[in-house]
Amino acid sequence: MKGIWKDEEVKNLFKTVEECKASGKSLREAFMLHASSYGRKANSVRNYYYHELDNLSKDKNRAENLEIKLDKHQKNQFVGFSEEEKNKIISKIQEKLSQGYSVRKACLMLSGGDVKQMLRMQNKYRANKKENKSNILTFKQKVTNKITDADINGLFMGLVKLVKKSALEEAKNAVADEKLQSSSAIRKLISQLGQKERELEFLKEDYSALKKENSLLKKKLLVATCFKAKSLAKEREKA
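Residues numbered from 1 in each chain as written. Predicted model: local features only at pLDDT ≥ 70, side-chain atom pairs only at ≥ 80, totals over all residues. Heavy atoms only, no water.

S.K.: Mind showing me how you'd approach the packing of aromatic side chains here?
M.R.: Two aromatic rings are characterised by how far apart their centres lie and by the angle between their planes. Applying the stated rule across the entire model yields five aromatic pairs. Ring geometry for Y49 versus Y50: centroids 5.2 Å apart, planes at 70°, classification edge-to-face. An aromatic cluster of three or more residues is present, and its members are F14, F31, Y49 and Y50. (Phe/Tyr/Trp six-rings, centres within 6.5 Å; stacked < 30°, edge-to-face > 60°.)

Right, here's the structure in full:
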């Protein structure tokens, strides 16, 4: 139902937002759910929500008539990490990585199981990696001159299969536990699969960087081999 928003739809939008917040889901999920129910675009629903929230804050009588509790719809104030907090987090994550944990697992452990905090830590760590491009491959000292493109391709494809397998297993468990017919189960599956897609994107970035590093090692090895050959040739001439 596109076009002008009727009071009943406005009430349903704010009710959906309240329900999603209460169950720990994001506002984006609430907007997507409402959009699918009323044939609207999620971005349009988001824009209308914030616009209407400002209007209702100025018109308390209308909010009361619509039975909307404004205290449940306060805009979240994002508080970023301080420089000191960022450095400590990155240091702790790197410590976990040296112990064999993945970035995601390390962040989940450090956040105490808080998924939102885990994502903030993970995003901060990855952003810091991009800012310090020269140090992103902390494992490159372990890469030998014998690594081939086939080895790298095999490693990458293996990681992709593991991620996809994990996504499918999580999806099956979610379906068994919450029933596929439930709209909340479907939203959860969409969120989980979206997270896996983002993880695949990060894997692709690491894969690309590793291929470049391997190519550089090959060039260095070739130069070193040529230099050694010339050196041996000169020694033979002197002999």
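S.K.: Just to check I follow, could you spell out helix α1 (residues 7-22) for this structure?
M.R.: Each α-helix turn comprises 3.6 residues. Residues three or four places apart therefore point the same way. Across its 16 residues, α1 extends 23 Å between first and last C-alpha, which sits within 8% of the 22 Å expected from 1.5 Å per residue. Within α1, the full set of buried residues consists of E9, V10, L13, F14, T16, V17 and C20. Across the axial projection of α1, the buried residues extend over an arc of 150°, all falling on one side. After α1 finishes, the residue G24 shows a positive phi value of roughly 85°. (Helix = DSSP H or I, 4+ residues; strand = E, 2+ residues; numbered from the N terminus. Expected span 1.5 Å × (residues − 1). Buried < 20%, exposed > 50% of the residue type's maximum accessible area, 1.4 Å probe, protein only. Arc of directions from axis to C-beta.)

S.K.: Help me understand the side chain of N128, please; the structure alone is not making it clear to me.
M.R.: With respect to the secondary-structure elements, N128 resides in helix α7 (residues 115-131). Residues contacting N128, with those up to four places away along its chain left out, are K86 and I90. (Contact = heavy atoms within 4.5 Å.)

S.K.: Honestly, the nonpolar core in this entry has me stumped. Any pointers?
M.R.: Nonpolar side chains tend to gather and get buried jointly when the protein is soluble and globular. V10, L13, F14, Y49, L56 and I68 are the most contacted members of the largest nonpolar core, which totals 18 residues. Apart from the residues lying within four places of it in its own chain, the contact partners of I68 are V10, F14, L56, A63 and H73. In terms of nonpolar packing, the next biggest core, distinct from the first, is built from nine residues, V103, A106, M121 and Y125 among them. (Core = buried A, V, L, I, M, F, W, Y, C linked by side-chain atoms within 4.5 Å.)

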